[in-house]
Amino acid sequence: MVDLSVRVGNLDFQNPVLLASGTCGFGRELSEYVDLSKVGGICSKGLTLLPREGNPGCRVAETPSGMLNSVGLQNPGLDKFLEKELPFMNGLGTRVIVNVAGHCTEDYQRMVDKLGAPGMAVDALELNFSCPNVREGCMTIGATEEGVYSMVRAVRGLTDKPLWIKLTPNVTSITATALAAQEAGGDAVVMINTLLGLAINIKTRKPILQNNTGGLSGPAVKPVALRMVQECYRVLSIPIVGVGGIMTSDDVIEFMLAGASAVEIGTASLLHPAACANIVEGLHAYAKDNGIENISSLTGALTLW
Ligand SMILES: Cc1cc2nc3c(=O)[nH]c(=O)nc-3n(C[C@H](O)[C@H](O)[C@H](O)COP(=O)(O)O)c2cc1C
């Protein structure tokens, strides 16, 4: 028998494979192709208090081994989410994590107050301090230790639900922002969000994305994400959820060895809607073939030279 279950803080998951924010909407489209009760959990699209249409013009560009996006937090807003999308997500038979975004402290406080209320059918809140495609909030908060610390402190007292802090890789020291998240009372860190990038159309001599820059994701970012997970695992006492370029079950194993307790699958779902379910099956086969009884035993098992 193979046990794929993992724990992230006080929350247990049937397996370590979660769907990453912004690459699965609220599960509606993917659920037509894949049984989402097979994954450990689903993270909602980044939500804001009010609806957002996102950025205008071209918002995605393919790059070698990855993609750039500048979606800009298109979402229906908190009220519509609670009315229409959360009930749908709750029917998927998996854990529900809500990705919370905002412009300022009050935005985050109002969102956490409502989504983190006792009885709300949400398993954890993922605080988005890392979206690179909006002018205020998000990545500007995650860019400094002070920003991370003060925003986590500002919301920590408002909910008993687990607060996962989603960090940006666009910093000099990821351990500094991760430690700030921990010290302020975060229950887990999620890393990484996208790396800020640029793609150019050589005919028009303009950026391909109308936002000029966008966030790089996909296999191109995996080594950066792995390095950051590994660095943080060595200094943190709270768990790490690893994300960035995971396409196969072997990638998941690398992330767990580096120190991740669970992982999130992003761009892979855009290439193949059933990627997450295939990855769960691959993990099962790997554990069976290698005599691993509990997949969670892999977390942090990397031996450095
Ligand atoms: C189209 C797109 C939209 C995204 N939207 C969000 C978002 O709303 N909130 C968030 O925290 N991360 C968002 N992300 C980042 C992903 O959740 C993930 O952290 C990143 O893409 C790296 O993982 P990947 O290489 O597996 O895609 C988005 C990524 C993509 C590609």
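See the structure above.
Residues numbered from 1 in each chain as written. Predicted model: local features only at pLDDT ≥ 70, side-chain atom pairs only at ≥ 80, totals over all residues. Heavy atoms only, no water.

### Looking at the sheet that holds strand 8 (residues 124–128)
Okay, step 1: What the eight strands build is a closed barrel, ordered 3-4-7-8-9-10-15-16; its pairing is parallel. Adjacent strand axes in the sheet meet at a mean angle of 25 degrees, parallel and antiparallel pairs treated alike.
Okay, step 2: When strand 10 (residues 188–191) meets strand 15 (residues 240–243), the two strands line up parallel, connected through three bridges. Bridge pairing in strand 15 links V190 to V241. (Pairing = 2+ DSSP bridges. Helix = DSSP H or I, 4+ residues; strand = E, 2+ residues; numbered from the N terminus. Axes fitted to C-alpha atoms, helices over the stretch in contact; angles between N-to-C directions.)

### Re the sheet that holds strand 6 (residues 66–69)
Okay, step 1: The strand order across the open sheet built from four strands is 5-6-14-11, with neighbouring strands paired in antiparallel fashion. The sheet is open, and its two edges are formed by strand 5 (60–63) and strand 11 (195–198), each paired on a single side. Taking each pair of neighbouring strands and ignoring which way they run, the sheet shows an average axis angle of 40 degrees.

### A short note on the nonpolar core
Okay, step 1: In terms of nonpolar packing, the biggest core is built from 97 residues, with V98, F129, W164, I165, V189 and M191 touching the most fellow members.
Okay, step 2: Excluding residues that lie within four positions of it along the chain, M191 makes contacts with L167, I174, A178, M228, V229, C232, I240, V241, G242 and V243. (Core = buried A, V, L, I, M, F, W, Y, C linked by side-chain atoms within 4.5 Å. Buried < 20%, exposed > 50% of the residue type's maximum accessible area, 1.4 Å probe, protein only. Contact = heavy atoms within 4.5 Å.)

### Things to note about the site of the ligand
Okay, step 1: Close contacts around the ligand come from 22 residues, with S21, K166, G218, G245 and T267 the closest.
Okay, step 2: The contact in question runs from an oxygen atom of the ligand to an N or O atom on the side chain of K45, over 2.9 Å.
Okay, step 3: Contact with the protein chains removes 97% of the 610 Å² of surface that the ligand exposes when unbound.
Okay, step 4: Across the shell around the ligand, the residue classes tally to five nonpolar, 15 polar and two charged. (Near = heavy atom within 4 Å. Polar contact = N/O pair within 3.5 Å; in protein donor to acceptor, adjacent residues only side chain to side chain. Areas by Shrake-Rupley, 256 points an atom, 1.4 Å probe, with all protein chains shown as cover. Nonpolar A, V, L, I, M, F, W, Y, C, P; charged D, E, K, R; others polar.)

### Concerning the packing of helix 7 (residues 249–258) against helix 9 (residues 275–289)
Okay, step 1: At a closest axis distance of 8 Å, the pairing of helix 7 and helix 9 adopts a crossing angle of 70 degrees. Taken together, the axes of helix 7 and helix 9 are roughly perpendicular relative to one another. The way helix 7 lies across helix 9 gives a crossing that is right-handed. In contact with S249, V252 and I253 of helix 7, helix 9 contributes I279, G282, L283 and Y286. (Parallel < 35°, antiparallel > 145°, perpendicular 65-115°, else oblique. Left-handed = near helix turned anticlockwise from the far one by under 90°.)

### Notes on the pattern of salt bridges
Okay, step 1: Counted under the stated rule, the structure contains eleven salt bridges.
Okay, step 2: Linking K38 and D35 is a salt bridge whose minimum nitrogen-to-oxygen distance equals 3.2 Å.
Okay, step 3: By relative accessible area, D35 is classed as partly exposed at 39%.
Okay, step 4: In this structure, R95 and D123 form a salt bridge, with 2.9 Å as the shortest nitrogen-oxygen distance. Note that R95 is positioned in strand 7 (residues 95–100) and D123 in the loop between helix 2 (105–115) and strand 8, a separation of 28 residues in sequence.
Okay, step 5: Within this structure, R7, D12, R95 and D123 form a network of salt bridges that share partners. (Salt bridge = Lys/Arg side-chain N within 4 Å of Asp/Glu carboxyl O.)

### Focus: the pairing of strand 11
Okay, step 1: Burial along strand 11 is one-sided: the residues L195 and G197 are buried and none of L196 and L198 is.
Okay, step 2: Pairing between strand 11 and strand 14 (residues 213–217): four bridges, direction antiparallel. For L198, the partnering residue across the bridge sits in strand 14 and is T213.

### Quick notes on the packing of helix 1 (residues 78–90) against helix 2
Any two packed helices are characterised by the angle at which their axes cross and by the distance between the axes.
Okay, step 1: Running from N to C, helix 1 and helix 2 point in directions that differ by 20 degrees, and their axes come no closer than 11 Å. Here helix 1 is positioned roughly parallel relative to helix 2, judged by the angle of their axes. In this structure, helix 1 crosses over helix 2, and the sense of that crossing is right-handed. On helix 2, the residues touching L78, D79, F81 and L82 of helix 1 are M111, K114 and L115.

### Here we look at unusual backbone geometry
Okay, step 1: In this structure, I192 follows M191 across a cis peptide bond, with omega equal to 15 degrees.
Okay, step 2: Structurally, the position occupied by I192 is in the loop between strand 10 and strand 11.
Okay, step 3: One non-glycine residue, L73, lies in the positive phi region at around 60 degrees.
Okay, step 4: Mapped onto the elements, L73 comes out in the loop between strand 6 and helix 1.

### Comments concerning helix 4 (residues 145–156)
Okay, step 1: Between the first and last C-alpha of helix 4 there are 16 Å, a value that for twelve residues agrees with the 16 Å anticipated at 1.5 Å per step.
Okay, step 2: All buried positions along helix 4 are accounted for by G147, V148, M151, V152, V155 and R156. Buried residues in helix 4, looked at end-on, bunch into an arc of 145 degrees, giving them a common side.
Okay, step 3: Buried residues along helix 4 sit against helix 2, strand 8, helix 3 (139–142), strand 9 (163–166) and helix 5 (174–183). (Expected span 1.5 Å × (residues − 1). Arc of directions from axis to C-beta.)

### A look at the packing of aromatic side chains
Okay, step 1: Applying the stated criterion across every chain yields a total of three aromatic pairs.
Okay, step 2: On the numbers, 5.5 Å between centres and 45 degrees between planes, the contact of F26 with F81 is tilted. Pair noted here: F26 is in the loop between strand 3 (17–19) and strand 4 (41–43) and F81 is in helix 1, with a separation of 55 residues, a long-range link.
Okay, step 3: Note that R28 overlies the ring of F88, its terminal NZ or CZ placed 4.3 Å from the centroid. (Phe/Tyr/Trp six-rings, centres within 6.5 Å; stacked < 30°, edge-to-face > 60°. Lys NZ or Arg CZ within 6 Å of the ring centre and 35° of its normal.)

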